[in-house]
Amino acid sequence: MSGRNLFVRHPSNPIITAEQLPYPANTVFNPGAARVGDEVVLLLRVEDMRGISQLHVARSDDGITDWRLDDEPLLAPHPDHPEEVWGCEDPRLVYLPELEQWAITYTAYSGRGPLVSLAMTKDFREVRRLGPVMAPDDKDAALLPRRFDGRWVMIHRPAPITGPAHIWMSYSPDLRHWGDHSVLLEAREGAWWDAGKIGLGPPPLATDDGWLVMYHGAHTTASGPIYRVGLALLDLEHPEIVLRRSDEWVMSPVKTYESVGDVDKVIFPNGWVLDEAADTLLLYYGAGDSVVGLASARYNELMDYVRHCPPYHHRRVSDDGTVRNTWAPLAAVPDLPGRHDSGSSR
């Protein structure tokens, strides 16, 4: 089963451009997304004419048209937060029922490199910063919406000095102090589309089959990197276990607004909104680091595709040196509805 046609781009793409904003801006891209009441809220990364990014709120009744933008940014570089001196970027939005608040994980661009910061809001009108939670260089972070064995979980992507950049998982008792860091999903090697560097896309989505994950892969070519996206599935109760991972990408920068921009050949999704009643998943993404694109997928068709992706194999080494299998041997992979794989692993 191919994932090539799972996501259909909206015919009005790009749905938001810098020219539509009520203030001067170079680009608008990489939005976090959430359904809040009867509205879809996007938290847009807006880069000003200095090259510094702020996070602005846009609201729409249908999540497609008639976007209403707040006059002032929700998050912008502040003198009390030197870690943001060069900008606030690439947010992910997750509702935490225990706290009755939305968690905003975003990249704070410090003078020593990008890092992960965390802020909280109830209404996307007022915000409270908790400050840095991961040191430079680190980005592409999102929380899971509930605790596991009393601890919060964050998925993020640290950047090593040398070698491939993988997706990691970390744990915290209080959202401030993080540890038990481990690799969750590894970048592949060689000619693969996701070789060398990968990063989390939208926050993982809870499904009956597990946590649905979308991630980007930045494959380096002679003309620069190409940012494409693929899918994975984590165990619902033990999210450190990766059940499935797509071999193929499911979206690639093929449209002009994706392949030509401030950064060419980029699809960078940060948010999605699920309407189960309509069997529709709306995906919001940055295109070419310049504009906002929208694509949609049939939710049941998407999950059927993920169920048939190959099992994933990986070993986790915890802080105390214990080696634990966090891959699911084929016999242990849940007998997901519609599964018909032959038993061979790739």
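Residues numbered from 1 in each chain as written. Predicted model: local features only at pLDDT ≥ 70, side-chain atom pairs only at ≥ 80, totals over all residues. Heavy atoms only, no water.

Chemist: Can you walk me through the sheet that holds strand 10 (residues 138–143) in this structure?
Modeler: Either a parallel or an antiparallel arrangement is found when strands of a sheet pair, and the pairing is made through backbone hydrogen bonds. One open sheet accounts for 4 strands, arranged 10-11-12-13; its pairing is antiparallel. Strand pairing shows two members of the sheet lacking a second neighbour, strand 10 and strand 13 (179–185), which therefore form its edges. Between one strand axis and the next, the sheet turns through 30° on average, direction left out of account. Looking at chain direction, strand 12 (residues 167–172) and strand 13 are connected through 4 bridges and run antiparallel. Note that in strand 13 the partner of Met169 across the bridge is Ser182. (Pairing = 2+ DSSP bridges. Helix = DSSP H or I, 4+ residues; strand = E, 2+ residues; numbered from the N terminus. Axes fitted to C-alpha atoms, helices over the stretch in contact; angles between N-to-C directions.)

Chemist: Honestly, the sheet that holds strand 5 (residues 68–69) in this entry has me stumped. Any pointers?
Modeler: If you walk across this open sheet you meet the 4 strands as 2-3-4-5, and the pairing is antiparallel. The sheet is open, and its two edges are formed by strand 2 (27–36) and strand 5, each paired on a single side.

Chemist: For this particular structure, what's the right way to read the pairing of strand 12?
Modeler: Within a regular beta strand, the side chains point alternately toward one face of the sheet and then the other, so they alternate between its two faces. Of all the 6 residues making up strand 12, 5 are buried; the element is thus mostly covered by neighbouring parts of the structure. Here 5 bridges tie strand 11 (residues 152–158) to strand 12, and the two strands are oriented antiparallel to one another. Residue pairing for strand 12: Ile155 is matched across the bridge by Met169. The hairpin formed by strand 12 and strand 13 contains 6 residues between the paired strands, and Leu175 there has a positive phi angle of roughly 70°. (Buried < 20%, exposed > 50% of the residue type's maximum accessible area, 1.4 Å probe, protein only.)

Chemist: When you look at the pattern of salt bridges in this model, what are you seeing that I'm missing?
Modeler: Under the counting rule described, the total for this entry stands at 19 salt bridges. With a closest N to O distance of 3.0 Å, Arg45 and Asp90 form a salt bridge. With Arg45 in strand 3 (residues 39–47) and Asp90 in strand 6 (residues 88–96), the pair connects residues that are 45 residues apart, well separated along the chain. For the residue pair Arg45 and Asp90, the accessibility class agrees, reading buried in each case. Through salt bridges that share partners, Glu39, Arg59, Asp61, Arg68 and Asp70 make up one connected network. (Salt bridge = Lys/Arg side-chain N within 4 Å of Asp/Glu carboxyl O.)

Chemist: I would appreciate a short explanation of the side chain of Lys265 in the present structure.
Modeler: Within the element layout of this structure, Lys265 appears in the loop between helix 1 (256–259) and strand 19 (267–275). In this structure, Lys265 is buried with no salt-bridge partner, the nearest side chain bearing the opposite charge being Asp264 at 6.5 Å. Sequence-distant contacts of Lys265, defined by excluding residues within four places in its chain, comprise Thr221, Ser223, Gly224, Pro225, Ile226, Tyr227, Pro253, Glu258 and Ser259. (Lys, Arg positive; Asp, Glu negative; His and termini not counted. Contact = heavy atoms within 4.5 Å.)

Chemist: Could you clarify how one ought to interpret the nonpolar core in this entry?
Modeler: As a rule of thumb, soluble globular proteins bury nonpolar side chains together. Residues Phe7, Leu212, Met214, Leu231, Val250 and Met251 are the most contacted members of the largest nonpolar core, which totals 27 residues. With 5 residues, the single largest contributor to this core is helix 2 (residues 299–307). Every residue in contact with Leu231, bar those within four places of it in the chain, is listed here: Leu6, Leu212, Val213, Met214, Tyr215, Arg245, Ser246, Val250, Leu302, Tyr305 and Val306. Judged by nonpolar contacts, the second largest core, of 21 residues, contains Phe148, Val153, Ile155 and Ala187. (Core = buried A, V, L, I, M, F, W, Y, C linked by side-chain atoms within 4.5 Å.)

Chemist: What am I meant to see in the pairing of strand 10 here?
Modeler: Among the 6 residues in strand 10, 5 count as buried, and that is most of the element. Bridge count between strand 10 and strand 11: 4 bridges; the pairing is antiparallel. Pairing of Asp138 across the sheet is with Pro158, part of strand 11.

Chemist: Any chance you could explain the packing of aromatic side chains here in plain terms?
Modeler: What characterises a pair of aromatic rings is the spacing of the ring centres plus the angle enclosed by the ring planes. Going through the model one piece at a time under the given rule, you end up with 7 aromatic pairs. Relative to Tyr284, the ring of Trp67 lies with its centre 6.4 Å away and its plane at 85°, an arrangement referred to as edge-to-face. Note that Trp67 is positioned in the loop between strand 4 (53–60) and strand 5 and Tyr284 in strand 20 (residues 280–287), a separation of 217 residues in sequence. On the accessibility criterion, Trp67 (14% relative accessible area) is buried. For the ring pair Trp86 and Tyr109, a centre distance of 5.5 Å and an interplane angle of 85° mean the geometry is edge-to-face. One end of the pair, Trp86, is in the loop between strand 5 and strand 6; the other, Tyr109, is in strand 7 (residues 101–110), with 23 residues separating them in the sequence. Following the ring pairs from residue to residue traces out a cluster consisting of Tyr95, Trp102 and Phe124. For Arg228, the ring lying beneath its charged end belongs to Trp249, and the centroid distance is 3.9 Å. (Phe/Tyr/Trp six-rings, centres within 6.5 Å; stacked < 30°, edge-to-face > 60°. Lys NZ or Arg CZ within 6 Å of the ring centre and 35° of its normal.)

Chemist: What is the right way to read the environment of Gly63 from this model?
Modeler: Note that Gly63 resides in the loop between strand 4 and strand 5. Judged by relative accessible area, which is 0%, Gly63 ranks as buried. C-alpha separation for the pair Gly63 and Lys139, spaced 76 residues apart in sequence, amounts to 26 Å. Ignoring anything within four residues of it in the chain, the contact list for Gly63 reads Val40, Tyr284 and Leu294.

Chemist: Looking at this structure, how should I read unusual backbone geometry?
Modeler: For residues other than glycine, phi is negative in most cases, and the peptide bonds are mostly trans. Pro14 follows Asn13 through a cis peptide bond whose omega is -10°. Assignment of secondary structure puts Pro14 in the loop between strand 1 (8–9) and strand 2. Following Pro136, the chain continues into Asp137 via a peptide bond in cis, with omega recorded as -15°. Positionally, Asp137 belongs in the loop between strand 9 (128–134) and strand 10. The phi angle at Asp279 is positive, at roughly 55°, despite the residue not being glycine. Topologically, Asp279 is positioned in the loop between strand 19 and strand 20.

Chemist: For this particular structure, what's the right way to read the environment of Ser172?
Modeler: With respect to the element layout, Ser172 can be found in strand 12. The exposure class assigned to Ser172 is buried, which follows from its relative accessible area of 0%. Here the alpha-carbon distance between Ser172 and Trp152, two residues 20 residues apart in the chain, equals 5.1 Å. Side-chain polar atoms of Ser172 contact the backbone nitrogen of Leu175, separated by 2.8 Å. (Polar contact = N/O pair within 3.5 Å; in protein donor to acceptor, adjacent residues only side chain to side chain.)

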